[in-house]
Amino acid sequence: MLRRLCVMVGALTLASGLTVSAQDGAKVAEGKKLYETYKCQKCHLIGGVGSKVSPLDNVATKLSSDDIHKWLVATDEMTAKLKKKPKVKMKQIVFKPGEVDALMAYMLTLK
């Protein structure tokens, strides 16, 4: 019954328990696909998949949305703020329009 209600109002519930609109759900799915396309798992770990160097599980509970955004668009600035610098510098990606928003939508589901 609840599932039908969610479909009727154009919403879906993510694995994290977060309820989002179908449009937001599409953006989250796009963000997850971009995470894979840009091979972020080479350095980051989500749900046991990827490198253990920089886990992103629960990142949305550890960082503000502004900080997550800055990590995506200004990696050097965010790295400079770290007390302990990583051995491997995060690669700065030049994203296409809309990609940062999609990646943000995905990262914000990681709670």
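This is a predicted model, so every value here is computed, not measured.

### Section: the environment of Lys87
Within the element layout of this structure, Lys87 appears in the loop between helix 5 (75-81) and helix 6 (99-107). For Lys87, a relative accessible area of 89% gives the class exposed. Spatially, the C-alpha atom of Lys87 lies 9.5 Å from that of Val53, the residues being 34 residues apart in sequence.

### Describing the sheet that holds strand 4 (residues 49-50)
The strand order across the open sheet built from three strands is 4-3-5, with neighbouring strands paired in mixed fashion. Every other strand in the sheet has two partners, leaving strand 4 and strand 5 (54-55) as the edge strands with one partner each. Sheet topology places strand 3 (residues 44-46) next to strand 4; two bridges connect them, and they run antiparallel. By the bridge assignment, Ile46 is partnered in strand 4 with Val49.

### Details of helix 6
In terms of residue burial, helix 6 counts as a mostly covered element, since eight of its nine residues are buried. Listed as buried for helix 6 are Glu99, Val100, Ala102, Leu103, Met104, Ala105, Tyr106 and Met107.

### Considering the nonpolar core
Grouped burial of nonpolar side chains is what soluble globular proteins tend to show. Grouped together as the largest cluster of nonpolar side chains are 19 residues, with contacts concentrated most on Tyr35, Ile46, Leu56, Tyr106, Met107 and Leu110. Looking at this core, the elements with two or more residues in it are helix 2 (22-37), helix 4 (65-73) and helix 6. Apart from the residues lying within four places of it in its own chain, the contact partners of Ile46 are Tyr35, Leu56, Asp57, Tyr106, Met107 and Leu110.

### Overview of the environment of Ser64
With respect to the helices and strands, the residue Ser64 is situated in the loop between helix 3 (59-62) and helix 4. Classification of Ser64 as partly exposed rests on a relative accessible area of 36%. Separated by 44 residues in sequence, Ser64 and Leu108 place their C-alpha atoms 9.0 Å apart.

### Comments concerning helix 4
All of the buried residues along helix 4 are Ile68, Trp71 and Leu72. One side of helix 4 carries all its buried residues, which in axial view fall inside an arc of 100°.

Cut-offs applied
Residues numbered from 1 in each chain as written. Predicted model: local features only at pLDDT ≥ 70, side-chain atom pairs only at ≥ 80, totals over all residues. Heavy atoms only, no water. Helix = DSSP H or I, 4+ residues; strand = E, 2+ residues; numbered from the N terminus. Buried < 20%, exposed > 50% of the residue type's maximum accessible area, 1.4 Å probe, protein only. Pairing = 2+ DSSP bridges. Core = buried A, V, L, I, M, F, W, Y, C linked by side-chain atoms within 4.5 Å. Contact = heavy atoms within 4.5 Å. Arc of directions from axis to C-beta.

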